[in-house]
Amino acid sequence: MNNYKLTIQYDGGRYKGWQRLGDSENTVQGKIENAISVLTGYPVEIIGSSRTDAGVHALAQVANFKISDQLPESKIMNFLNHYLPPDISITEVEQVDDRFHARYNAKDKTYIYKIWNEAYSHPFMRKYSMHVAKKLDIELMKKAAQHFIGEHDFTAYSNAKSKKKDSVRTIYSLDIEEVDGFIQFRVSGNGFLYNMVRKIVGTLIEVGLGDKKAEDIPAIIASKERSQTGGMAEAYGLYLEKIQF
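Within each chain, residue numbers correspond to sequence positions counted from 1 in written order. With pLDDT at 70 or above as the cut-off, local features in this predicted model cover only qualifying residues; side-chain atom pairs require 80 or more to be listed or tallied, and sums for whole chains, interfaces and linings still use all residues. Excluding hydrogens and water, the side-chain values take into account all heavy atoms of the structure.

**Student:** Whenever I open this one, the packing of helix α3 (residues 138-145) against helix α4 (residues 196-208) confuses me. Can you help?
**Tutor:** Each pair of packed helices gets described by two things: the angle between the helix axes and the distance between those axes. Axis lines are fitted to C-alpha atoms, over the contacting stretch for helices. Their N-to-C directions set the angle, which ranges from 0 to 180 degrees. Strands here are runs of E lasting at least two residues and helices are runs of H or I lasting at least four, both read from the DSSP assignment and numbered beginning at the N terminus. Contact geometry of α3 with α4 gives a least axis separation of 8 Å together with a crossing angle of 135 degrees. Comparing the axis directions of α3 and α4 gives the class oblique. Remark: the crossing between α3 and α4 carries right-handed chirality. Residue-level inspection shows Leu140, Met141, Ala144 and Ala145 of α3 in contact with α4, the latter providing Leu204, Ile205, Val207 and Gly208. Charged residues are taken to be Asp, Glu, Lys and Arg, nonpolar residues to be Ala, Val, Leu, Ile, Met, Phe, Trp, Tyr, Cys and Pro, and polar residues to be all remaining types, Gly included. Taken together, the residues of the contact of α3 with α4 break down into seven nonpolar, one polar and no charged. Any angle between 65 and 115 degrees counts as roughly perpendicular, while under 35 counts as roughly parallel, over 145 as roughly antiparallel, and the rest as oblique. Crossing handedness is read from the near helix: turned anticlockwise from the far helix by less than a right angle, it gives a left-handed crossing, and turned clockwise, a right-handed one. Here, two residues are considered to be in contact whenever any of their heavy atoms come within 4.5 Å of each other.

This is the structure in structure tokens:
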């Protein structure tokens, strides 16, 4: 079998997330699988590195698939980009070793979250950032962010629908900066639970608004109670930025 690695960008706004669910074709995985199956003439399953939620975007999602045919990388890339809808793009195709697995070989992932932090809305970024009209205290959020770094049991920051039995994850970095009116969060770790990044950002927003204290976070994490985390940031402000192997 021939194993191919895809690097993918997509606007997740109109999709029910990455993962194909039953007979639902309104997923990014489903759209790409359909396109590959048209190319090969038989059903093909692809494996994604990250199962992004409904509405979440990706700058560099990675997936792989195996087929019996050995096709030129350029042919696969050109065909898929012609066949796929314009909100999904294949930016790279690479034939890789048969043992490469997009999910199991991923060592760490980085997500970006964008907040438009002005009193007025941003008409051109309203589908790609969360609007918080009240000014956020960035220094307080930076202080609070440090409590998430390291290895923790993130049960409190998971979703009740999560099927993961092990909720221990390691966050390597969580940086916050302000750029042209946007507040940007960049978080890297060895893996993330369902809704985990959005729940972390939601807590940091509450700290920035003065509704929670930075010192509250260790107790929230230790409690393992989802009810303690507060609100969850909107899906459309979240981007899967990169995956390291």
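**Student:** Where do I start with the pattern of salt bridges in this structure?
**Tutor:** Throughout this description, the term salt bridge denotes a Lys or Arg side-chain nitrogen within 4 Å of a carboxyl oxygen of Asp or Glu. A full pass over the atoms with the stated rule returns 11 salt bridges. Asp87 is the salt-bridge partner of Arg14, the closest N and O atoms lying 2.6 Å from each other. In this pair, Arg14 is assigned in the loop between β1 (2-10) and α1 (28-40) and Asp87 in the loop between α2 (73-83) and β4 (88-96), connecting sequence segments 73 residues apart. The exposure class assigned to Asp87 is buried, which follows from its relative accessible area of 17%. Of the charged contacts in the structure, one is a salt bridge between Lys224 and Asp153, with a shortest N-O distance of 3.4 Å. Within this pair, whereas Lys224 is found in the loop between α5 (217-223) and β10 (238-244), its partner Asp153 is found in strand β7 (residues 150-153), the two being separated by 71 residues in sequence. Think of it in three bands: residues with accessible area under 20% of the maximum for their type are buried, residues over 50% are exposed, and the middle band is partly exposed, with areas taken using a 1.4 Å probe on protein chains only. Judged by relative accessible area, which is 44%, Lys224 ranks as partly exposed. On the basis of relative accessible area, Asp153 is assigned to the partly exposed category, the value being 22%.

**Student:** Teacher, can you tell me more about the pairing of strand β9 (residues 182-189) here?
**Tutor:** Of all the eight residues making up β9, seven are buried; the element is thus mostly covered by neighbouring parts of the structure. Across eight bridges, strand β5 (residues 108-116) lies against β9 in antiparallel orientation. From the neighbouring strand, Thr110 faces β9, where its bridge partner is Ser188. Bridging between strand β8 (residues 168-179) and β9 involves eight bridges; their strand directions are antiparallel. Looking across to β9, one finds that Glu177 is bridged to Gln184. Paired strands, as defined in this entry, are two strands with at least two bridges between them according to DSSP. Between the antiparallel neighbours β8 and β9 lie two residues, among them Asp180 with a positive phi of about 55 degrees.

**Student:** What am I meant to see in the nonpolar core here?
**Tutor:** Soluble globular proteins tend to bury their nonpolar side chains together. Counting 68 residues, the largest nonpolar core has Ile32, Ile115, Phe148 and Leu204 as its most contacted members. Residue contributions to this core peak at seven residues, all from α4. When sequence neighbours within four positions are dropped, the list of residues in contact with Ile32 reads Leu6, Ile8, Trp18, Ile46, Leu84, Ile88 and Ile90. Grouping buried Ala, Val, Leu, Ile, Met, Phe, Trp, Tyr and Cys residues that are joined through side-chain atoms within 4.5 Å yields what is termed a nonpolar core.

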